[in-house]
Amino acid sequence: MPDRLELAAKLLDSAGTVRVVFDSTGRCLDVFGDVERHERRLGVRVGVVIGRVPEDFLAPRVAKNLRGWVDRARDQDQPFRLTSSMDGVDELVHYNVEFERLRSEEGDLIVLTSDNLADRTRIEAELRIGEERYRDLIEQSCDLVMEFDLSGQVTYATANSLRICGHPPARLLGSGAIELIHPEDREEVRTALLKMFGEDEFGTVLFRARHGNGDWIWLESSGRRYLGDDGTTRATTTTRDVSERVETTQLLEDERHRYRVLADSSFDWVVEIDEHARVVYDNRRDPASQAAPPSLRKVLEIVHAEDRDLAIRAIRRLISGTETAPFVVRIADPDDDWRYVEIWGRGWSTAAEGQRAVLVGRDVTADLAEMAERRRLETRVIEAERAENV
């Protein structure tokens with residue numbers, strides 16, 4: 001009799017399957033697999049089966065059939081399959097059965113492999129329903145799903161491709177999808193695909209593609225590789241149309257650029273401050289140095305010490321969204337002379353960058369000097385009129 005552990009290692013199978021080992025005389029040597037399920041269905045205990053021949057534990061008709069199948073397997077080299085049924089506890093149980101002869105040192109062994117046909121049919125039906133439901137969900141989603149082989153050819157595309165990019169799935173198969181990508185973006189997409197096959201996934205890649213109506217649209221794609229049922233490496237990608245998002249971002253960038261151009265051209269001092277009191281823009285600074293914004297306190301070093309706290313309190317109120325009246329501070333110019341600067345500003349909140357504030361400063365030194373001179377003249381006139389009246 002072969003070693004039980006050695007035989008178990010070779011014959012133990014997945015849930016729902018049972019393997020019964022017979023010797024060449026038809027005596028049952030061992031049973032492996034999902035035994036409990038079959039015991040419940042057939043009402044036959046494994047302990048009754050092992051060490052006995054079919055005639056000892058089966059009805060005569062079933063025992064005769066099983067004996068004939070075991071003898072047939074013993075006399076031929078190729079395994080064979082058939083469908084059989086047995087009276088179960090509550091119902092007639094149908095099985096897929098395979099018989100195979102194995103050679104061993106102790107002699108020929110006949111291995112009966114059986115799984116419940118109803119279970120398999122039910123599982124296959126559930127899988128079919130699941131696949132159909134998954135396919136419906138994919139085709140109704142906003143993402144186009146494609147499958148690639150190792151050569152970068154598209155082997156499958158979901159039917160929603162017509163809605164997303166204006167092309168039927170057949171147009172995307174093979175190299176069709178790559179041909180639709182903008183020439184300037186094609187190499188980047190190819191590099192991402194190669195990275196995916198080498199590193200499981202490639203994050204996301206943004207590119208332009210030709211829509212079915214002839215327009216260029218922006219698509220964003222992500223993917224990962226997997227091992228197919230046939231053992232070949234494949235990859236799936238999910239792709240969505242992000243044209244609206246890209247266009248909105250571009251409009252915002254254009255507006256920001258326009259704002260910066262206007263600020264750079266202004267005679268006033270324009271400063272933008274974030275919620276961490278960092279200066280993110282200063283039109284007096286060299287544009288090349290804008291990448292390393294200084295702190296607000298660093299910028300305010302040029303403000304007269306007596307006015308500095310006033311400026312800081314006003315700026316903090318602006319960043320918090322509180323309106324602040326214009327205020328005047330003294331600021332040192334490049335010649336270390338004190339200039340009077342009137343500052344006003346406004347705070348606002350951004351979704352991506354948090355609280356911001358823009359300060360606009362205007363040199364009012366000459367205005368204040370002119371006002372002071374006018375007051376002096378007015379004072380002299382008043383004093384002269386008083387002297388005449390006396």
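Model, not experiment: these values are computed from the prediction.

### A few points about the overall build of the protein chain
Each helix and strand in the protein chain was counted, giving 14 helices and 15 strands. Each of the 390 residues in the protein chain was classed as buried or not, and the buried ones make up 36%. Expressed as a percentage of contacts within the protein chain between residues at least 6 apart in sequence, the contacts between residues at least 24 apart total 39%.

### Some words on the pairing of strand β2 (residues 28-33)
Of all six residues in β2, five are buried, a share of seventy percent or more. Pairing between strand β1 (residues 17-23) and β2: five bridges, direction antiparallel. Bridge pairing in β2 places Phe-22 opposite Cys-28.

### A look at the side chain of His-211
The residue His-211 is located in the loop between β8 (201-210) and β9 (216-227) in this model. Overall, His-211 belongs to the buried group, its relative accessible area being 17%. The contacts of His-211, once residues within four sequence positions are left out, are Ile-164, Cys-165, Gly-166, His-167 and Ile-217.

### Notes on the packing of aromatic side chains
With the rule as written, the count across this model stands at two aromatic pairs. With a centroid separation of 5.9 Å and 50° between ring planes, the pair formed by Trp-69 and Phe-99 is classed as tilted. A residue pair is termed long-range when its members are at least 10 positions apart, and Trp-69 in helix α5 (residues 60-75) and Phe-99 in strand β4 (residues 92-102) qualify at 30 residues. In this structure Trp-69 comes out as partly exposed when scored by relative accessible area, which is 23%. The exposure class assigned to Phe-99 is buried, which follows from its relative accessible area of 1%. Ring centres of Phe-80 and Phe-99 lie 5.3 Å apart, and the angle between their planes is 20°; this geometry places the pair in the stacked category. Separated by 19 residues along the polypeptide, Phe-80 in strand β3 (residues 80-87) and Phe-99 in strand β4 bring together distant segments of the chain. The structure contains a cluster of three or more aromatic residues connected by ring pairs, namely Trp-69, Phe-80 and Phe-99. For the cation-ring pair, Arg-72 lies above Phe-80, with the distance from its terminal atom to the ring centre recorded as 3.8 Å.

### Looking at the sheet that holds strand β15 (residues 354-363)
Reading across the sheet, the five strands line up as β12-β11-β15-β14-β13 and stay open at both edges, with antiparallel pairing between neighbours. Sheet topology places β12 (279-282) and β13 (327-332) at the edges, where each strand pairs with a single neighbour. Averaged over neighbouring strand pairs, the angle between their axes works out to 30° when direction is ignored. For strand β14 (residues 338-350) and β15, the ladder comprises 10 bridges, and the chain directions are antiparallel. Its bridge partner being in β15, Gly-345 is matched across the sheet by Leu-359. The sheet strands contacting helix α13 (residues 305-319) are β11 (269-274), β13, β14 and β15, and the helix crosses β13 at an angle near 125°.

### Observations concerning the pattern of salt bridges
For side chains bearing opposite charge, pairing can occur when the charged atoms are close. Applying the stated criterion across every chain yields a total of 20 salt bridges. In this structure, the salt-bridge partner of Glu-147 is Arg-234, at a minimum N-O distance of 3.8 Å. Note that Glu-147 is positioned in strand β6 (residues 144-148) and Arg-234 in strand β10 (residues 233-241), a separation of 87 residues in sequence. A salt bridge links Arg-330 to Asp-307; the nearest nitrogen and oxygen atoms lie 2.9 Å apart. With a gap of 23 residues between them, Arg-330 in strand β13 and Asp-307 in helix α13 connect regions that are remote in the sequence.

### Details of the environment of Asp-367
Structurally, Asp-367 is set in helix α14 (residues 365-389). Residue classification places Asp-367 among the partly exposed positions, given a relative accessible area of 33%. Note: C-alpha distance between Asp-367 and Tyr-340 (27 residues apart in sequence) is 9.2 Å. One polar contact links Asp-367 to Arg-362, side chain to side chain, over a distance of 3.2 Å.

### Examining the confidence of the model for the protein chain
On average, the protein chain scores 77 in pLDDT, and the residues at 70 or more come to 75%. Looking over the protein chain, one finds the lowest element-wise mean pLDDT in helix α1 (residues 4-11), namely 41, and the highest in helix α8 (residues 169-172), namely 91. Contacts from residues 1-15, a stretch scored under 50 in pLDDT, to residues over four places away or in other chains number 21 contacts.

### Concerning the pairing of β1
Buried residues dominate β1, accounting for seven of its seven residues. By the alternation rule, side chains of β1 split into Thr-17, Arg-19, Val-21 and Asp-23 and Val-18, Val-20 and Phe-22, which are all buried. With antiparallel pairing between neighbouring strands as the criterion, β1 and β2 make up a hairpin whose turn holds four residues, including Gly-26 at a positive phi of roughly 95°.

### A word on helix α10 (residues 183-199)
Each α-helix winds once per 3.6 residues, and so residues spaced three or four apart point in a common direction. Its 17 residues place the ends of α10 25 Å apart at the C-alpha level, agreeing with the 24 Å of an ideal helix rising 1.5 Å per residue. Of the residues making up α10, those classed as buried are Asp-185, Val-189, Ala-192, Leu-193, Met-196 and Phe-197. All buried residues of α10 fall inside an arc of 135° around its axis, so they share one side. Residues of α10 that are exposed and angled more than 90 degrees away from the buried face: Glu-184, Glu-187, Leu-194, Gly-198 and Glu-199.

### Structural notes on the environment of Leu-318
Here Leu-318 lies in helix α13. A residue is classified by how much of its surface remains accessible, and Leu-318, at 3% relative accessible area, is buried. In this structure the C-alpha to C-alpha distance between Leu-318 and Ala-357, which are 39 residues apart in sequence, comes to 6.0 Å. Not counting residues within four places of it along the chain, the set of residues in contact with Leu-318 comprises Thr-324, Gly-345, Arg-346, Gly-347, Arg-356, Ala-357 and Leu-359.

Rules behind the numbers
- Residues numbered from 1 in each chain as written.
- Predicted model: local features only at pLDDT ≥ 70, side-chain atom pairs only at ≥ 80, totals over all residues.
- Heavy atoms only, no water.
- Helix = DSSP H or I, 4+ residues; strand = E, 2+ residues; numbered from the N terminus.
- Buried < 20%, exposed > 50% of the residue type's maximum accessible area, 1.4 Å probe, protein only.
- Contact = heavy atoms within 4.5 Å.
- Pairing = 2+ DSSP bridges.
- Phe/Tyr/Trp six-rings, centres within 6.5 Å; stacked < 30°, edge-to-face > 60°.
- Lys NZ or Arg CZ within 6 Å of the ring centre and 35° of its normal.
- Axes fitted to C-alpha atoms, helices over the stretch in contact; angles between N-to-C directions.
- Salt bridge = Lys/Arg side-chain N within 4 Å of Asp/Glu carboxyl O.
- Polar contact = N/O pair within 3.5 Å; in protein donor to acceptor, adjacent residues only side chain to side chain.
- pLDDT = per-residue confidence, 0-100.
- Expected span 1.5 Å × (residues − 1).
- Arc of directions from axis to C-beta.

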